[in-house]
Amino acid sequence: MAKKLFVKTYGCQMNVYDSARMADVLAPLGYAEAASPEDADMVILNTCHIREKAAEKVFSELGRLRVLKTARDGKLIIAVAGCVAQAEGAEILRRAPFVDIVLGPQTYHRLPEMVAKAARAALKNGNGGAVLDTEFPLEPKFDHLPDARADGQAAFLSVQEGCDKFCTFCVVPYTRGAEYSRPAQAILDEARKLVAQGVVEISLLGQNVNGWHGDGASGGAWGLGRLIRELADIQGLERIRYTTSHPNDMDEDLISAHAQVDKLMPFLSLPVQSGSDRILDAMNRKHDRAFYLSLVERLKIAKPDLALTTDLIVGFPGETDADFQDTMDLVRQVGFINTYSFKYSPRPGTPAAGMPNQVAEAVKDARLAELQTLLWDQTNQFNQQSVGKTMAVLLDRPGRYPGQLTGRSPFMQPVHVDNASDRMGQIVHVRITELHSNSLAGEAISAERICA
Ligand code: 5AD
Ligand code: SF4
């Protein structure tokens, strides 16, 4: 009998990718996609542990699933995957004993065995003896995953995972483990298969994606710049992006790829976290403000129209008003067009959680509001400057109205287009005519398909 799977994803794009791969792993067992938990035989929560709020959301969702499971006499498999599962493991089963499976980000290739085990246990004792697998296995999961199934024209491709940087605020080195780079050949193969399914844009993913390194086809070491050049040779692949990078891993070859590879989009996420040298040091970022600014300058020389976005944390322990103003100043100086900005959230087991001079919540709130106001202005200004320009837009979604399509500009701005309803899945030239609050609107100006 056909079974249905509902995966709820929290957190980063890596989790979005992992969720799709978990569905791929379970498809051979007969699991099709469910529209909601109510419609599903199995629910996976793919969780995020990066900030306290993200982690707590999981337990409230589990409360709702418990009600559903009870109403069905236990006939619902509940799995908790991802970084909360990795960090809290058995604690989840203690707090939520109705959970059947707890699995970390490195073991989801073993899901079919786990599902079988959980089902056997449920038959035996009626209430599902839970399965826990949060190992960091020696065999990389990528060697055991089925081919990725494309869903639309833009796809994620995970090339690197884990982190050895140990920023003092961050759980990733503990939840995702040590840095691992997938072999170049496996990445190129996966990219070709995605393109054969109609994908035209690939975003390379990794916690430290620019730390990716591998052996080249003809020997010799490759970095991410070389991998991007090889990907750009794939016919039919029109756009390449990568996220997220650490400033210290931005090497010369990758910078020059921005100048030389037309398919590489002029939009880069380069987290800086703070504009204060004192705080950068306390965060163990291993670079200072001057290094970041000089890196931005080198990137802009390579690609003058490059737009940058970043990640920022306000209220890190010991952050003074002056430190915070250094961050504001850096944001203005670089002219980020967007950021992900967060209040510092102490995470158990990380060095910063035990640091003195934790910042009061009200101060964090005020700083975040001030920062976001500035960023809102900068985003708006950038969008305003887009009006009147012609941009290449990948139309990959229906719009808000019948006949309207929506896509992304090279800078990831959503663009609504009314006069191209037959061009779904294509990259078209769009003249931007209007600015909405979070998006742009424009009209397609040519019928021929174009690159980037
Ligand atoms: N508190 C707040 N933000 C955090 N991030 C990581 N850890 C924390 C934390 N403890 C942010 C960083 C990172 C992004 C993914 O999440 O800015 O780049
Ligand atoms: Fe976390 Fe720092 Fe590693 Fe990024 S580089 S994943 S912020 S430890």
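Conventions we followed
- Residues numbered from 1 in each chain as written.
- Chains lettered and ligands numbered in written order.
- Predicted model: local features only at pLDDT ≥ 70, side-chain atom pairs only at ≥ 80, totals over all residues.
- Heavy atoms only, no water.
- Core = buried A, V, L, I, M, F, W, Y, C linked by side-chain atoms within 4.5 Å.
- Buried < 20%, exposed > 50% of the residue type's maximum accessible area, 1.4 Å probe, protein only.
- Contact = heavy atoms within 4.5 Å.
- Near = heavy atom within 4 Å.
- Nonpolar A, V, L, I, M, F, W, Y, C, P; charged D, E, K, R; others polar.
- Polar contact = N/O pair within 3.5 Å; in protein donor to acceptor, adjacent residues only side chain to side chain.
- Areas by Shrake-Rupley, 256 points an atom, 1.4 Å probe, with all protein chains shown as cover.
- Pairing = 2+ DSSP bridges.
- Helix = DSSP H or I, 4+ residues; strand = E, 2+ residues; numbered from the N terminus.
- Axes fitted to C-alpha atoms, helices over the stretch in contact; angles between N-to-C directions.
- Right-handed = clockwise from strand over helix to strand, strands pointing away.
- Phe/Tyr/Trp six-rings, centres within 6.5 Å; stacked < 30°, edge-to-face > 60°.
- Lys NZ or Arg CZ within 6 Å of the ring centre and 35° of its normal.
- Left-handed = near helix turned anticlockwise from the far one by under 90°.

Quick look at the nonpolar core now. Core analysis: the largest hydrophobic core is formed by 54 residues, its most contacted members being Leu204, Leu224, Leu227, Ile228, Leu231, Tyr242 and Met250. Contacts of Leu227, omitting those with residues within four sequence positions, involve Val159, Ala184, Ile187, Leu188, Trp212 and Trp222. Ranked by size, the runner-up nonpolar core spans 25 residues in total, among them Leu45, Ala85, Val99 and Val102.

Residues in contact with ligand 2, as listed here, are Cys163, Lys165, Phe166, Cys167, Phe169, Cys170, Val172, Pro173, Asn208, His246 and Arg285. For the shell around ligand 2, the residue count by class is 7 nonpolar, 2 polar and 2 charged.

We now examine the site of ligand 1. Around ligand 1 lies a shell formed by Ile50, Arg51, Phe169, Gln273, Asp311, Ile313, Phe342, Lys343, Tyr344, Ser345 and Arg347. Side-chain polar atom of Asp311 to an oxygen atom of ligand 1: 2.6 Å apart, as the coordinates give it. Within the contact set of ligand 1, a nitrogen atom lies 2.8 Å away from a backbone nitrogen or oxygen of Ser345. Coverage of ligand 1 by the protein amounts to 87% of the 400 Å² it exposes when considered alone. For the shell around ligand 1, a count of residues per class yields 5 nonpolar, 2 polar and 4 charged.

This part takes up the sheet that holds strand E15 (residues 307–314). Pairing in this open sheet of 3 strands is parallel, and the strands run E14-E15-E16 from one edge to the other. Here the strands that pair on one side only, and so sit at the sheet edges, are strand E14 (267–269) and strand E16 (338–343). Between one strand and the next, the sheet's axes are offset by a mean angle of 15°, whatever the strand orientation. Bridge count for E15 against E16 is 6 bridges, and the pairing is parallel. Bridge pairing links Ile313 to Phe342 in E16.

A few words now on the pairing of strand E3 (residues 42–47). In terms of residue burial, E3 counts as a mostly covered element, since 6 of its 6 residues are buried. Burial of the side chains of E3 extends over both faces: Met42, Ile44 and Asn46 are buried on one face and Val43, Leu45 and Thr47 on the other. Two elements, strand E1 (residues 3–9) and E3, share 5 bridges in a ladder whose sense is parallel. Within E3, the residue paired with Thr9 across the bridge is Asn46. Where E3 and strand E4 (residues 77–81) come together, 5 bridges link them in parallel fashion. If you follow Asn46 over to E4, its bridge partner there is Ala81. A crossover connection joins E3 to the parallel E4 through helix H2 (residues 52–71); in handedness this β-α-β unit is right-handed.

Right, let's get into the packing of aromatic side chains. This structure, assessed with the given rule, holds 6 aromatic pairs. For the ring pair Phe142 and Tyr180, a centre distance of 6.2 Å and an interplane angle of 10° mean the geometry is stacked. Linking Phe142 in the loop between strand E6 (131–133) and strand E7 (154–158) with Tyr180 in strand E9 (residues 180–181), this pair joins segments that are 38 residues apart in sequence. Ring centres of Phe316 and Tyr344 lie 5.4 Å apart, and the angle between their planes is 65°; on these two criteria the pair is classed as edge-to-face. Of this pair, Phe316 sits in the loop between E15 and helix H12 (321–334) while Tyr344 sits in the loop between E16 and helix H13 (361–386), and the two are 28 residues apart along the sequence. As far as the burial class goes, Phe316 and Tyr344 line up, both buried. Members of the aromatic cluster, connected to one another through ring pairs, are Phe169, Phe316 and Tyr344. Across the ring face of Phe342, the terminal group of Arg51 is positioned such that the distance to the ring centre comes to 3.5 Å. Positioned over the ring face of Phe59 is Arg95, at 3.6 Å from the centre of the ring.

Hydrogen bonds along the backbone pair up the strands of a sheet, which may run parallel or antiparallel. The 3 strands are arranged E7-E10-E13 in an open sheet whose pairing can be described as parallel. Each end of this open sheet is capped by a strand with a single partner; those strands are E7 and strand E13 (239–243). Between one strand axis and the next, the sheet turns by 25° as a mean value, whatever way the strands run. Sheet topology note: the E7/strand E10 (residues 201–205) ladder contains 5 bridges and is parallel. Its bridge partner lying in E10, Leu157 is registered against Leu204. Relative to the sheet, helix H1 (residues 13–26) contacts E7, E10 and E13, its axis offset from that of E7 by approximately 95°. Sheet strands touched by helix H7 (residues 184–196): E7 and E10. Its angle to E7, the strand with the most contacts, is close to 165°.

Viewed as axis vectors pointing N to C, H7 and helix H8 (residues 224–232) meet at an angle of 35°, and their least axial separation amounts to 11 Å. As for how H7 packs across H8, the hand of that crossing is right-handed. Along its contact with H7, which presents Ala184, Ile187, Leu188 and Ala191, the element H8 presents Leu227, Glu230 and Leu231.

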